[in-house]
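# Examination of the molecular architecture
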Amino acid sequence: MADHESARRPVTIVTGASSGIGKEIARLASHHDEVLLVARSGQELDKLAGDIRLQGGRAHVLACDLTEPGAVDAIVAHLADKGLRCERLVNNAGFGLVGEAHTLDAASQLSSVDLNVRSLTELTLALLPGMIERRSGGILNVASVAAFLPGPGMAVYYATKAYVQSFSAGLWAEARNHGVTVTCLCPGPVNTGFLSRATAGRRLSEATPFHLDAAAVAKAGWSGFMNGRLTVIPGALNWWMTAIARFAPQRWLALAVHRRQLGRTGSAAGQS
């Protein structure tokens, strides 16, 4: 490890920090390290950074679109420019679209793959080697209970979250003997801006017992992360749903999810 990197200040990077779960995780992370807030909305990031500073924390803002080429390079360059090194990485940014895959815009669905899978992987691969070399740090990937289910009505989104869950488990096994922790947070439905984007403004179904608020999900995820857990599934009902999904026939699960997602006009089940 180069001396100049070891001298940098530790920072927690949170992507998708402008709202929802990412915003709440950033608040929690700011009690431990400086935070680098990353999202497309610079205005919302500035507001959050101001709140963190008022609470005595140190926050940096980088407004960028992670689906754009060069975004990860920009984050790495920003760290060097500010004299920071990534101690913890929270890969939270993501989105999905509700509807049958053949009816949705192909470019938009591929953009969700770029954000949920490619940028998450690229950022992880850029920052994990430094953690391994220092034998410290950790990665918190935000997936979803969707990772354990087939996803008719959000087929691409569910598939991307299955990747995140599998990737996290693989990294956990590889990194555990190098002083680096990897945790996968798998929330159920959460009332965040994700839902509006996923449903293109359509009226959502009423909250169910599976719903938790973003602050509660973030608290559970951050606690599990700091305690070195591999998987965190907030909410007992969500945990039981994923447990059943491991043994239920895929055909039955696919039809059940299809009814839930698209069975009622104007109704959709968004995941976090």
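Residues numbered from 1 in each chain as written. Predicted model: local features only at pLDDT ≥ 70, side-chain atom pairs only at ≥ 80, totals over all residues. Heavy atoms only, no water.

### A word on the packing of aromatic side chains
Evaluation of the coordinates by the stated rule reveals 3 aromatic pairs. Where Tyr157 meets Tyr158, the ring centres are 6.2 Å apart and the plane angle is 75°; that geometry is what we call edge-to-face. Accessibility expressed as a relative area gives 1% for Tyr157, which makes it buried. Relative to Phe225, the ring of Trp222 lies with its centre 5.5 Å away and its plane at 70°, an arrangement referred to as edge-to-face. Placement of the pair is Trp222 and Phe225 together in helix H8 (residues 214-226), with a separation of 3 residues, close to one helical turn. Grouping residues by exposure puts Trp222 and Phe225 together as buried. (Phe/Tyr/Trp six-rings, centres within 6.5 Å; stacked < 30°, edge-to-face > 60°. Buried < 20%, exposed > 50% of the residue type's maximum accessible area, 1.4 Å probe, protein only. Helix = DSSP H or I, 4+ residues; strand = E, 2+ residues; numbered from the N terminus.)

### Side note on the confidence of the model for the protein
Any region with low pLDDT has predicted coordinates that should not be read closely. Here the protein averages 87 in pLDDT, and 86% of its residues register 70 or above. Overall, residues 264-272 carries pLDDT values under 50, and its contacts beyond four positions in sequence, including any with other chains, amount to 38 contacts. (pLDDT = per-residue confidence, 0-100. Contact = heavy atoms within 4.5 Å.)

### Observations concerning the environment of Gly170
Position of Gly170 relative to the elements: it lies in helix H6 (residues 155-175). The class for Gly170 is partly exposed, based on a relative accessible area of 31%. With 12 residues separating them along the chain, Gly170 and Val182 place their C-alpha atoms 9.2 Å apart.

### Observations regarding the sheet that holds strand E5 (residues 138-142)
Judged by pairing direction, the sheet is parallel, and its 7 strands sit side by side in the order E3-E2-E1-E4-E5-E6-E7 without closing on themselves. Each edge of the sheet is formed by a strand with only one pairing partner; in this case those strands are strand E3 (59-63) and strand E7 (231-232). Both E5 and strand E6 (residues 181-185) contribute to a ladder of 5 bridges, which runs parallel. The partner of Asn141 across the bridge, within E6, is Cys184. Where helix H4 (residues 71-82) meets the sheet, it contacts strand E1 (9-15), strand E2 (34-39), E3 and strand E4 (84-91), and its direction lies at approximately 145° from that of E3. (Pairing = 2+ DSSP bridges. Axes fitted to C-alpha atoms, helices over the stretch in contact; angles between N-to-C directions.)

### Some remarks on empty space enclosed by the protein
For the structure on display, the rule yields 2 cavities of 30 Å³ or more. If you add up the space inside the largest cavity, you get close to 70 Å³. Taken together, Gly96, Leu97, Gly99, Glu100, Ala101, Leu104, Gln109, Ser112, Met154, Ala155, Val156 and Tyr157 make up the full set of residues lining the largest cavity. Elements with a contribution of two residues or more to the lining of the largest cavity: helix H5 (106-134) and H6. For the lining of the largest cavity, the per-class residue count stands at 7 nonpolar, 4 polar and 1 charged. In this structure, the second largest cavity is lined by Thr15, Leu66, Asn91, Asn92, Ala93, Leu115, Ser119, Leu120 and Leu123. For the lining of the second largest cavity, the per-class residue count stands at 5 nonpolar, 4 polar and no charged. (1 Å grid on protein atoms, 1.4 Å probe; cavity = no way out; pocket = protein on both sides within 12 Å on 5 of 7 lines; lining within 4 Å. Points joined across faces, edges and corners; volume = space filled by probe spheres on them. Nonpolar A, V, L, I, M, F, W, Y, C, P; charged D, E, K, R; others polar.)

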